[in-house]
Amino acid sequence: MRQAQAAEASLIRALTRTARAVTLRIEPLLKEEGLSLDGWLVLDALAGGDGLTMTELAGHTLVTGPTLTRVVDRLVTTAAAYREVDAEDRRRVRVYLAPRGRSAHQRATARLAEVERELDPDGGVLAKLSDVEVE
């Protein structure tokens, strides 16, 4: 049992260090587009659909409520995204990707893809990590 706990702890440390190292590597690329990592995650989620509620965005990005609100506010201020009242339920607001946001997302995504190819040339790491479920 102790060996399993030690292996899990070292896996968690390794994954945390890796996540931080990757973040440090990609943040300068995103900054050139005027984006934070959370901002890119929001744009990436919005690029895949036809507007999302804040709850849906939180589910896609795993960004917490207050941070998500600040990120979306900034994207709206910079005209990368916009908000509209949901046509089916006027109590809800949906966030949409604006043309400026789509362009920034495409440029940033292309640059991030280069980093991904360097980090995972055969796609094996991505395949394993894609199987991890988030609760």
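This report concerns the structure included in the present document. (Residues numbered from 1 in each chain as written. Predicted model: local features only at pLDDT ≥ 70, side-chain atom pairs only at ≥ 80, totals over all residues. Heavy atoms only, no water.)

Right, let's get into unusual backbone geometry. Trans peptide bonds make up the majority, and among non-glycine residues the majority have a negative phi. Backbone geometry at Leu 62 places phi at a positive 60°, although glycine is not the residue there. Along the chain, Leu 62 falls in the loop between helix 3 (54–61) and helix 4 (65–77). Despite not being glycine, Ala 79 has its phi angle at roughly 65°, a positive value. Look at Ala 79 and you get partly exposed, because its relative accessible area is 36%. (Helix = DSSP H or I, 4+ residues; strand = E, 2+ residues; numbered from the N terminus. Buried < 20%, exposed > 50% of the residue type's maximum accessible area, 1.4 Å probe, protein only.)

On the surface, a nonpolar cluster with roughly 460 Å² of combined accessible area is contributed by Leu 11, Leu 15, Val 125, Leu 129 and Val 132. Sorting the residues of the nonpolar patch by element identifies helix 1 (2–32) and helix 6 (124–130) as the ones contributing at least two each. Looking at the secondary structure, you find Val 125 in helix 6. (Patch = residues over 30% accessible without salt bridge, like charges linked within 9 Å, V, L, I, M, F, W, Y side chains within 5 Å. Areas by Shrake-Rupley, 256 points an atom, 1.4 Å probe, with all protein chains shown as cover. Salt bridge = Lys/Arg side-chain N within 4 Å of Asp/Glu carboxyl O.)

We now examine the nonpolar core. Counting residues in each nonpolar core, the largest one holds 23 residues, and the members touching the most others are Leu 30, Leu 35, Val 42, Leu 46, Leu 57 and Leu 75. The element best represented in this core is helix 2 (residues 37–47), accounting for five residues. Those residues within four positions of Leu 35 in sequence are excluded, and the remaining contacts are Leu 30, Trp 40, Leu 43, Leu 75, Ala 104 and Ala 108. (Core = buried A, V, L, I, M, F, W, Y, C linked by side-chain atoms within 4.5 Å. Contact = heavy atoms within 4.5 Å.)

Glancing now at the pairing of strand 3 (residues 93–97). Across a regular strand the side chains alternate sides, sitting on one face of the sheet and then on the other. Burial analysis of strand 3 places four of its five residues in the buried class, which makes it a mostly covered element. Looking at chain direction, strand 1 (residues 52–53) and strand 3 are connected through two bridges and run antiparallel. Along strand 3, the bridge assignment pairs Leu 52 with Val 95. The pairing of strand 2 (residues 81–85) with strand 3 spans five bridges and is antiparallel. Among the inter-strand pairings, Val 85 is bridged to a residue of strand 3, identified as Val 93. (Pairing = 2+ DSSP bridges.)

If you want to describe how two helices pack, look at the angle between their axes and the distance between the axes. Running from N to C, helix 2 and helix 3 point in directions that differ by 110°, and their axes come no closer than 9 Å. Judged on the interaxial angle alone, helix 3 and helix 2 are roughly perpendicular. Pair helix 2 / helix 3 crosses with right-handed handedness. In this structure, helix 2 uses Leu 41, Val 42, Ala 45 and Leu 46 to contact helix 3, whose residues at the interface are Leu 57, His 60 and Thr 61. (Axes fitted to C-alpha atoms, helices over the stretch in contact; angles between N-to-C directions. Parallel < 35°, antiparallel > 145°, perpendicular 65-115°, else oblique. Left-handed = near helix turned anticlockwise from the far one by under 90°.)

Another aspect to go through is the environment of Gly 48. Structurally, Gly 48 is set in the loop between helix 2 and strand 1. Taking C-alpha positions, Gly 48 is 21 Å from Leu 29, a pair spaced 19 residues apart along the chain.

In the structure shown here, the tally under the stated rule is eight salt bridges. For Arg 107, the salt bridge is made with Glu 33, and the minimal N-O distance between the two is 2.8 Å. Here Arg 107 is found in helix 5 (residues 99–119), whereas its partner Glu 33 is found in the loop between helix 1 and helix 2, with 74 residues between them in sequence. Salt-bridge contacts for Asp 86 lead to Arg 92; the nearest nitrogen and oxygen are separated by 3.1 Å. A relative accessible area of 36% places Arg 92 in the partly exposed class. Here the salt bridges share partners, and the residues they tie into one network are Glu 56, Asp 86, Arg 92 and Arg 94.

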